[in-house]
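One letter stands for each residue in the lines below.
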Amino acid sequence: MGSSEAPASRRAEEWRRQRERQDRAARIAAICFVVAIVAALALFVVYVTGGQTQLEGVLLAVAFGAVGAGLAVWVRRIIGPREVVEERYPMRSPQETRDEFEAAYHDALGEATTTGRRRFLLRLLGGAGASLGLALLVPFRSLGPTPQDEMFTTTWREGVRLADTEGREIQAADISPDEVITVFPADAIDDPSAQAILVGTREGQLEPDALPGATVEGMVCYSKICTHAGCPVGLYRAAAGELLCPCHQSTFDVHRAAAVVSGPAGRGLPQLPIGTDDEGYLIALGDFSEPVGPSFWNLTHDAPGT
Amino acid sequence: MSSSQKARQSPVDDLARWLDDRLRLAEGGRKYLHKAFPAHWSFLLGEIALFSLIVLFATGVFLALFYVPDHRLVVYDGPYVPLQGQEISAAYESTLRLSFEVRAGLLMRQIHHWAALVFVAAIVVHMLRVFFTGAFRRPRELNWVIGLALLLLAIVAGFTGYSLPDDLLSGTGLRIGYSVLLSVPFVGPLLGFIGLGGEYPGTDTLGRLYLMHVLIIPAGLVGLVTAHLVILMRQKHTQKPGGRARQHNVVGEPLFPNQVMTSLSLFAFTVAVLALLGGLFEINPLWLYGPYEPFEVFAPMQPDWYMGWLEGLMRLWPAWEWTMFGVTIPAIFLPGVVVPGVLFGLAFAWPWIDRRWIARDEREHHLLVRPRDNPLRTGIGVAGITFVALITLAGSNDVIASDLGMGLQTLTWWLRVLTVVLPPLAGWVAYRIAASLGTGGAEDADPASPGGDDEGDAAAPESLETGSDSPAGEGAARS
Ligand code: FES
């Protein structure tokens, strides 16, 4: 008697357990969605009452996270894994289909396929396309001017005074040894390509033979634009007399014409020759010793205008 | 659809019927309900990228409503005290306003930035999965190429994006980008001038970056993602061998409801994580950097992680600058243009390199392999990862040097040696390990799949003779 009933009752038992599991999962999913509703409403309240970044982020995260969790429980536990099998065919069309397509294609072309004429026309069409493509490049040329002298010259000229970033003109006494200051032409403050760095050195540190341009009482002036990729060479290590570029750590020897000591820069910093005028102000004696900034293909190592 | 039909009357049913009346959807739609999605967590990486992109679009639209791409100077009078009274660009001002005055503005900005980081990361990890399981093999070369193009676009999107706020950090990144453009022989200066509308810093720079960032690049992303997905649908998913999976079938969860709900759940989780990151973890606090001044800079400076490899290349590369026949090859031309070009070129060409020299197999594949099944490919992949990881590390060499209490020169020297020595070594070790594990997976292949069209790279060399136009067994597979 038990032998026939046992499997049936076992099946019923299993079925009941599965129902229970699903009910439990449904309750969890429901809790998740309720949490999402509460979090979303709380977000609404926080926002309306003035907003608070951290709280908004957390509530948004809780709301979405709860929806995600609810959906995950739903699909994993209530619906459960399913498996379907789809057929797959090689991507390549069967040979007959290819042949049929080709035949239909040539059919459709009909008259125009007469060999000589078609090839001739195709060539002309190609020519028209290429010419049009060339013509349509023209508008792109409007996007910017052709580089002229800008790459080679700056706004520094003989006689123009050095000024700091606020526009104050500088006298020799303003700079003490081991001090650096960013300078511009007094009539072109903030001109990016004219930016220069004026360095005060101790007596005897400068090696005049190495320097291409003039200095004033231990003060030497270099372009501030790194010759590597153009960052401002902003850090000065007075002890070593080295200017350091923070972008890729090129270092330049201030005492020896700002030659590259280490790092990836390919050439030293151009020097600005300086002197003083009758009133004691520092002035430029000309433009930089060579083009400033990152190198480019037709760079020359001469001072502009020579 | 006649009204006499006995049908349930829910609004959804009504809508479905209305649509089918006009678009004849039921016929084709039925088979999509049961489209099979092979289930494995690693198949969801691409979805994370897609969902991050959706978050990027949503938050990006919000940001665009407030951002002003304008260089013109204004006096800051907002609530951020340290900058009050300073002259800053309207662009920077609008980003500050967005961060401090627009409700939920900072949250949106930070979610947007985090989503960008996750977007690129998900693409990269997805790509690695595809690489090591051989999912790029015929017929999926096209999607490999499209995926890489997406990676490139994602990087450019990130770069143009963080150049927009016009703070000190963004301006510096832009300056370096311009210098790289400038370094191209013969056309560099012209390219630079055309790009910025004149000499650096240019007059129209922000407007152009903005247009790129909100129109041109997103259009490209949408187009390529669409193509990627259409091709995926057409070719169907790859799958791991085992169980009922064969070369000629797809075994997995049905699209509806399982895959749809799984994907929705993953979408919600992705948004949740991004919201948490954006809410709690400060990213790019541009008010601290101050406005961009061409003569100012701070250290240490770090770009977003996906630019680190380029930054590292520029830091590691020796100061080689030559002048030949009056033409100067600037120091940054090789590390800034040539090497990245070669790296991406190799990656684009990989499916063809693989079929010619690595797997020597031109047949169609729908079953994935394990990394151990092709030790050579795995070795090369590991070497590549090691190389990119090292140059990315080099992108922070100043920070690492000070953390280790090591001289910067010494560290850079070591990193140079390591980038040359370590990748081949790591690749060789990976090769040995993969080879010693053996290709046990090859036996999983479907015995019913004709003509040796199944997996197993051991059998590959013979297939060289078959030529690309006559993959053995295709005709038989149809029968
Ligand atoms: S920009 Fe100065 S080291 Fe690269």
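Keep in mind it's a predicted model, so treat the numbers as computed, not measured.

Draft legend 1. A look at the packing of aromatic side chains. A complete count under the given rule lists 22 aromatic pairs over all chains for this structure. With a centroid separation of 5.4 Å and 80 degrees between ring planes, the pair formed by A:F152 and A:F296 is classed as edge-to-face. With A:F152 in the loop between α4 (115-141) and β2 (162-163) and A:F296 in the segment after β12 (282-284), this pair connects stretches of sequence that are 144 residues apart. Judged by relative accessible area, which is 23%, A:F152 ranks as partly exposed. Take A:F296: its relative accessible area is 1%, and that puts it in the buried class. Ring geometry for B:F136 against B:W144: centres 5.6 Å apart, planes inclined by 55 degrees, an arrangement best described as tilted. Classification of B:F136 as buried rests on a relative accessible area of 1%. In this structure an aromatic cluster arises from ring pairing among B:F131, B:F132, B:F136, B:W144 and B:W350. Cation over ring: B:R103 sits above A:Y47, and NZ or CZ is 5.4 Å from the ring centre. Positioned over the ring face of B:Y200 is B:R175, at 4.4 Å from the centre of the ring.

Draft legend 2. Here's a closer look at the interface of chain A and chain B. Across the boundary between the two partners, chain A contributes 78 residues, which contact 92 residues of chain B. Note on chain A versus chain B: buried area summed over both sides is about 7100 Å², and carbon and sulfur give 63% of it. By the criterion of area lost to chain B, the three top residues of chain A are A:E86, A:R88 and A:W297, representing 13% of everything that side buries. At the boundary of chain A and chain B, one finds three salt bridges. With a closest N to O distance of 3.3 Å, A:R76 and B:E253 form a salt bridge. Between the two partners, chain A and chain B, sit 29 residue pairs in polar contact (both at pLDDT 80 or more). Breaking the side of chain A that touches chain B down by element, the ones donating at least two residues are α1 (2-48), α2 (53-79), β1 (84-87), α4 and β3 (180-185) of chain A. When residues in the side of chain A that touches chain B are grouped by element, the largest group, 18 residues, is from α2(A). Along the lines of polarity and charge, the residues of the side of chain A that touches chain B split into 40 nonpolar, 25 polar and 13 charged. Alignment of β1(A) against strand β4 (residues 249-254) of chain B, held across four bridges, turns out to be antiparallel.

Draft legend 3. Fine view of the state of the cysteines. Residues and elements named next belong to chain A. Under the counting rule described, the total for this entry stands at one disulfide over all chains. Here C231 is linked by a disulfide to C247, with a sulfur-sulfur distance of 1.9 Å. Sign of the S-S torsion, about -85 degrees for the bond between C231 and C247, identifies this disulfide as left-handed. Of this pair, C231 sits in the loop between β5 (219-223) and β6 (235-237) while C247 is found in the loop between β7 (242-244) and β8 (251-253), placing the two residues 16 residues apart along the sequence. Each of the two residues, C231 as well as C247, counts as buried. Left without a disulfide partner, C221 is nearest to the cysteine sulfur of C226, which lies 16 Å away. We classify C221 as buried; its relative accessible area is 0%.

Draft legend 4. Structural context of the pairing of β3(A). Residue and element names in this part refer to chain A. Summarising burial for β3: five of the six residues are buried, a large majority. The sheet contact formed by β2 and β3 spans two bridges and is antiparallel. Directly across from L162, in β3, lies its bridge partner P185. Where β3 lies against strand β4 (residues 196-200), four bridges are found, and the strand directions are antiparallel. Within β4, the position partnered with I181 by the bridge is L198.

Draft legend 5. Summary view of the domain arrangement of chain A. Domain boundaries assigned for chain A yield domain 1 (2-141) and domain 2 (162-284). The straight-line distance from the C-alpha centre of domain 1 of chain A to that of domain 2 of chain A is 60 Å.

Draft legend 6. Quick peek at the pattern of salt bridges. Residue and element names in this part refer to chain A. Evaluation of the coordinates by the stated rule reveals 27 salt bridges over all chains. R161 serves as the salt-bridge partner of E279, at 3.0 Å between the closest nitrogen and oxygen. Residue E279 is located in the loop between β11 (274-276) and β12, and its partner R161 is located in the loop between α4 and β2; the two are separated by 118 residues in the primary sequence. We classify E279 as exposed; its relative accessible area is 54%. Classification of R161 by relative accessible area gives buried; the value is 17%. The salt bridge involving R256 is made with D253; its shortest N-O contact spans 2.9 Å. Through salt bridges with shared partners, a single network forms among E13, R16, R17 and E20.

Cut-offs used in this document
- Throughout this description, residue numbers start from 1 for each chain and increase along the sequence as written.
- Numbering of ligands from 1 and lettering of chains from A proceed in the order in which they are written.
- This being a predicted model, a pLDDT of at least 70 is required before a residue's local features are given, and a value of 80 or more before pairs of side-chain atoms are given or counted; all residues contribute to the totals for chains, interfaces and linings.
- Hydrogen atoms and water are omitted, and side-chain values are computed over all heavy atoms in the structure.
- When two rings of Phe, Tyr or Trp (its six-membered ring) have centres within 6.5 Å they constitute a pair, described as stacked for plane angles under 30 degrees, edge-to-face for angles over 60, and tilted for the intermediate range.
- Comment: elements are numbered from the N terminus, with helices defined as DSSP H or I runs of at least four residues and strands as E runs of at least two.
- Relative accessible area decides the class of each residue, using a 1.4 Å probe on protein chains only: under 20% of the type maximum gives buried, over 50% gives exposed, and in between gives partly exposed.
- Throughout this description, the term charge over a ring refers to an Arg CZ or Lys NZ atom that lies within 6 Å of the ring centre and within 35 degrees of the ring normal.
- Note on definitions: a residue-residue contact is assigned when non-hydrogen atoms from the two residues lie within 4.5 Å.
- Once two parts are joined, some of their accessible surface, as seen by a 1.4 Å probe, is lost; buried area is that loss totalled over both.
- Here, a salt bridge means any Lys or Arg side-chain nitrogen found within 4 Å of an Asp or Glu carboxyl oxygen.
- Any pair of N or O atoms that falls within 3.5 Å is considered a polar contact. Within protein, one atom must be able to donate a hydrogen and the other to accept it, and sequence-neighbouring residues count only if both atoms are side-chain atoms.
- Each residue is assigned to one of three groups, with Ala, Val, Leu, Ile, Met, Phe, Trp, Tyr, Cys and Pro labelled nonpolar, Asp, Glu, Lys and Arg labelled charged, and all others, Gly among them, labelled polar.
- Two strands pair if DSSP finds at least two bridges between them.
- The criterion for a disulfide is a pair of cysteine sulfur atoms lying within 2.5 Å.
- For the domains described, the bounds stem from an automatic or database domain assignment.

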